[in-house]
Amino acid sequence: MRIAFFGGTFDPPHRGHIAIARAAAERFSLDKVLFAPTGKQPLKSTAPGASYEDRLAMLQLAIAGESLFETSTIDAPRPDGTPNYTVDTLSRLNHELSIESGAERKIFCIVGADSFLDLRQWRQPELLLELAEWLVVSRPGFALEDLSPLKLSPLQHTHVHLLRGIAVDVSATHLREALRNGQNVDPDLAPGVGDYIRQHHLYTSH
Ligand code: ATP
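What about the sheet that holds strand E2 (residues 32-37)?
- Spatial ordering of the open sheet is given by E3-E2-E1-E4-E5-E6, a layout of six strands whose pairing is parallel. Looking at strand neighbours, the two that pair on one side only are strand E3 (69-71) and strand E6 (160-163), the edges of this open sheet. Geometrically, the sheet is characterised by an average inter-axis angle of 25 degrees between neighbouring strands, direction not taken into account.
- The pairing of E2 with E3 spans three bridges and is classified as parallel. Note on E3: the bridge partner recorded for valine 33 is phenylalanine 69.
- Contacts from helix H1 (residues 15-27) reach strand E1 (2-8), E2, E3, strand E4 (106-112), strand E5 (133-137) and E6, with the element oriented near 150 degrees to E2.
- Set on the sheet, helix H2 (residues 52-62) makes contact with E2 and E3; between it and E2 the angle comes to about 155 degrees.

Okay, here's the thing in structure tokens:
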């Protein structure tokens, strides 16, 4: 079983998320991709525009019909309000899956180039690189050519797999801004998400 964890704020989920998960699933013959919205992202200073429940509901709509994709609540908000650290999540996932499927499983972590280039700011980067195979997807504006600032050892490099040639120029930040300005951004949202946003009056300026 080849399972990928795909964490993010998904505020809102957009076609970039779906595109990179599809590309990773195809290129690395994944059996399952777990889309896990994060309760509290440690490196983001502002709170999400939509609640955890709304982000989870939008994700469920976004991946409807994709047989390899599932949502996961492994990164739900913590009762004490502390951030969700990926190192804790991957450790837990490793533990849970080793009970379920024994040694016959491999864990991957899907991440965009912008996030991976910040790896040194994440909690316990060395352990993170041991806990999963990292599938790093290109993103417009972020160069994957030079990973030297990350100071990866040769062994760590073997756990990092680059997916170049994916260039989806969409970000949730821009979508939230456009929605606040009343623009229709449906073509950049995963299907069903635009209707959900309108029905629940999300990302409005008032
Ligand atoms: P925001 O603009 O609010 O920071 P975002 O568009 O980056 O949001 P996130 O939910 O924070 O979306 O991203 C989750 C993961 O998906 C991250 O690893 C991010 O790098 C990756 N990702 C998001 N959009 C893209 C994209 N267009 N191309 C490649 N990777 C992406």
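Concerning the packing of aromatic side chains
- Counted according to the given criterion, the structure contains six aromatic pairs.
- Ring centres 4.9 Å apart and planes at 50 degrees place the aromatic pair phenylalanine 35 and phenylalanine 69 in the tilted group. In this pair, phenylalanine 35 sits in strand E2 while phenylalanine 69 sits in strand E3, placing the two residues 34 residues apart along the sequence. Residues phenylalanine 35 and phenylalanine 69 agree in their burial class; the two are buried.

Regarding the site of the ligand
- Neighbouring residues of the ligand: 22 residues in total, closest Lys44, Asp114, Val168, Ala172 and Thr173.
- Within the backbone of valine 168, one N or O atom sits 2.8 Å away from a nitrogen atom of the ligand.
- Out of a free accessible area of 600 Å², the ligand has 92% covered by protein chains.
- Secondary-structure elements contributing two or more residues to the shell around the ligand are E1, H1, E4, helix H4 (113-116) and helix H7 (172-180).
- Among the residues making up the shell around the ligand, the classes are represented as seven nonpolar, eleven polar and four charged.

Each value, and the rule that gives it
Residues numbered from 1 in each chain as written. Predicted model: local features only at pLDDT ≥ 70, side-chain atom pairs only at ≥ 80, totals over all residues. Heavy atoms only, no water. Pairing = 2+ DSSP bridges. Helix = DSSP H or I, 4+ residues; strand = E, 2+ residues; numbered from the N terminus. Axes fitted to C-alpha atoms, helices over the stretch in contact; angles between N-to-C directions. Contact = heavy atoms within 4.5 Å. Phe/Tyr/Trp six-rings, centres within 6.5 Å; stacked < 30°, edge-to-face > 60°. Buried < 20%, exposed > 50% of the residue type's maximum accessible area, 1.4 Å probe, protein only. Near = heavy atom within 4 Å. Polar contact = N/O pair within 3.5 Å; in protein donor to acceptor, adjacent residues only side chain to side chain. Areas by Shrake-Rupley, 256 points an atom, 1.4 Å probe, with all protein chains shown as cover. Nonpolar A, V, L, I, M, F, W, Y, C, P; charged D, E, K, R; others polar.

By themselves these figures say nothing about function.
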